[in-house]
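So the chains spell out like this:
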Amino acid sequence: MTDDAADATRTGAGAAVDRVRERAAALAPALGATWTEDEPWRFLTDLTAIGSRMAGSEGERRAAGLVADAFERAGLADVRAEPFDLPAWERGSASLDVTVSGRDGEPATRSFEALALPYSPSGRVAGELVDVGYGTPAEIDERDVEGRIAVASTTTPEGGRFVHRMEKFGYAVEAGAVGFVFVNHVDGQLPPTGSLTFGEEAEAVAVGVSKETGAWLREYAVGGTVGGAERGSVGGAVDTASQGTTGGSGSVARAELSVEASTTPGESRNVIGRAGPDTDERVLLLAHYDAHDIAEGALDNGCGIATVATAAEVLADAALPLGVDVVAVGAEEVGLLGAEHLADRLDLDRVKGVVNVDGAGRFRDLVALAHASTAAASVAEAVSTATRRPIEVDAQPHPFSDQWPFVRRGVPALQLHSDSGDRGRGWGHTHADTRDKVDDRNVREHAMLIALLVVEFAAPERDLPRLDRDELAAAFREADFETGMRAADLWPADWD
Ligand SMILES: [Zn+2]
């Protein structure tokens, strides 16, 4: 029997584990070099020193140049930038003032630090604050938010899936909220940021505030809590005179929320290089390199793009059976705009699979989100077993990273993340997402694992069936995404 025939007769998980072991052995010099490399740290240093890498900004353009240099150094072929247009959002000032009566019945106004959320329009609204808790659709349904400013947490209830800001904002605005305040659940006077929409000006003003500010706002809000006890009605008809903070005076706090911002035509770019031969069929390895303007973007997604640039060096040494397009994607944070551009211009029938690195390289253990593809999940399981490295595999899909433009068109994908042990974004999307939080051992180790994942995606023996549209829609429904995705205008029209 030839080696090929032997390969063909080996099926299932055991064969995949053998394959990964063989390829890891063949790549031992490149993998070993990665173990001691200082390039990932130097690359992250250059990237985070830029400051803002906001989509469409000068910083994002400079970052694209650094990524292109890193891809060249890694040995990728045909490194180039592909520009695309986007509505570029730029931050101005924001303010949040709350007027509340004291014991003496005299009104006093307090000003809180607030950060506009990307794609918030400019504007000023006034009204009562309404505490919508975590901001899930069910909680918003229980409150009367009409004409009020909704106050929602960045985190979500334990046990359920993570509900995204866009779902909360979209649902609150649909229910009549005139403004939205997003309260961090992480200590440290850290107002969070995060886009309200996928690439278009939003319908209502919105800001992020710190956990500490949020504690005050909840006390001032209708349906707010004091000392852990729910205050006022949270269901059915709301009698505003009987609730909200009153300082004993019977009057309700009034908030004024103001945002200055602009959305104007801008340009971003994807940076693309190739490992392996120039074949028709390709595997895509993606990571976004843009970041929010208020941070260095060291974790989100500096670690991710550093991981991909490092994996590219290993892949450049691999005897790949087909081409792997390594793509640094722009403008992810404002609505996956680089990935949408990429998916639009590629023939997706020739994309065998997508490996999206958003969240890997940060924490010790790799997490693989398989986005409803059992084949993609089994790739992660094979690499985990073959390398004796824990990779937690989660099959549940979500639409909030760069795999989504591919997944919704049926292309199987893995998203690589890493586990902090905490719920939510941690330092991500805050001023504190800085280089000192990075442990580049994780970047290097995840780069090795991801290179092996990509090699297995590219293996001729590895079948990666397209995702069936009805099954995919069912998986999103089962994960309770339909309501939130519709509110955020993300539910695909052809899924009905
Ligand atoms: Zn990200």
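Computed from a prediction, not measured in an experiment: that's the story for all the values here. (Residues numbered from 1 in each chain as written. Predicted model: local features only at pLDDT ≥ 70, side-chain atom pairs only at ≥ 80, totals over all residues.)

Along a regular strand, successive side chains alternate from one face of the sheet to the other. Sheet topology note: the strand S1 (residues 77–101)/strand S2 (residues 107–112) ladder contains six bridges and is antiparallel. Bridge assignment links Val100 to a residue of S2, and that residue is Ala108. (Pairing = 2+ DSSP bridges. Helix = DSSP H or I, 4+ residues; strand = E, 2+ residues; numbered from the N terminus.)

Right, let's talk about the domain arrangement of the chain for a bit. Buried accessible area, meaning the area lost when the parts come together, often serves as the stated size of an interface. Annotation of the chain at the domain level lists domain 1 (13–88 + 264–495) and domain 2 (89–263). On a C-alpha basis, the centres of domain 1 and domain 2 stand 34 Å from each other. Counting residues at the interface gives 30 residues for domain 1 and 32 residues for domain 2. Elements supplying a minimum of two residues to the side of domain 1 that touches domain 2: S1 and helix H15 (482–487). When residues of the side of domain 1 that touches domain 2 are assigned to their parent elements, the largest contribution, four residues, is made by H15. For the side of domain 1 that touches domain 2, the residue count by class is 14 nonpolar, eleven polar and five charged. (Domains from an automatic or database assignment. Contact = placed C-beta atoms within 7 Å. Nonpolar A, V, L, I, M, F, W, Y, C, P; charged D, E, K, R; others polar.)

Looking now at the packing of helix H4 (residues 39–49) against helix H13 (residues 440–458). Taken N-terminus to C-terminus, the directions of H4 and H13 make an angle of 120 degrees; their axes are 9 Å apart at the nearest point. Accordingly, the angle class assigned to the pair H4 and H13 is oblique. Note that H4 runs across H13; the crossing there is right-handed. Here Pro40, Trp41 and Leu44 of H4 lie close against H13, whose contacting residues are Asp440, Val443 and Arg444. (Axes fitted to C-alpha atoms, helices over the stretch in contact; angles between N-to-C directions. Parallel < 35°, antiparallel > 145°, perpendicular 65-115°, else oblique. Left-handed = near helix turned anticlockwise from the far one by under 90°.)

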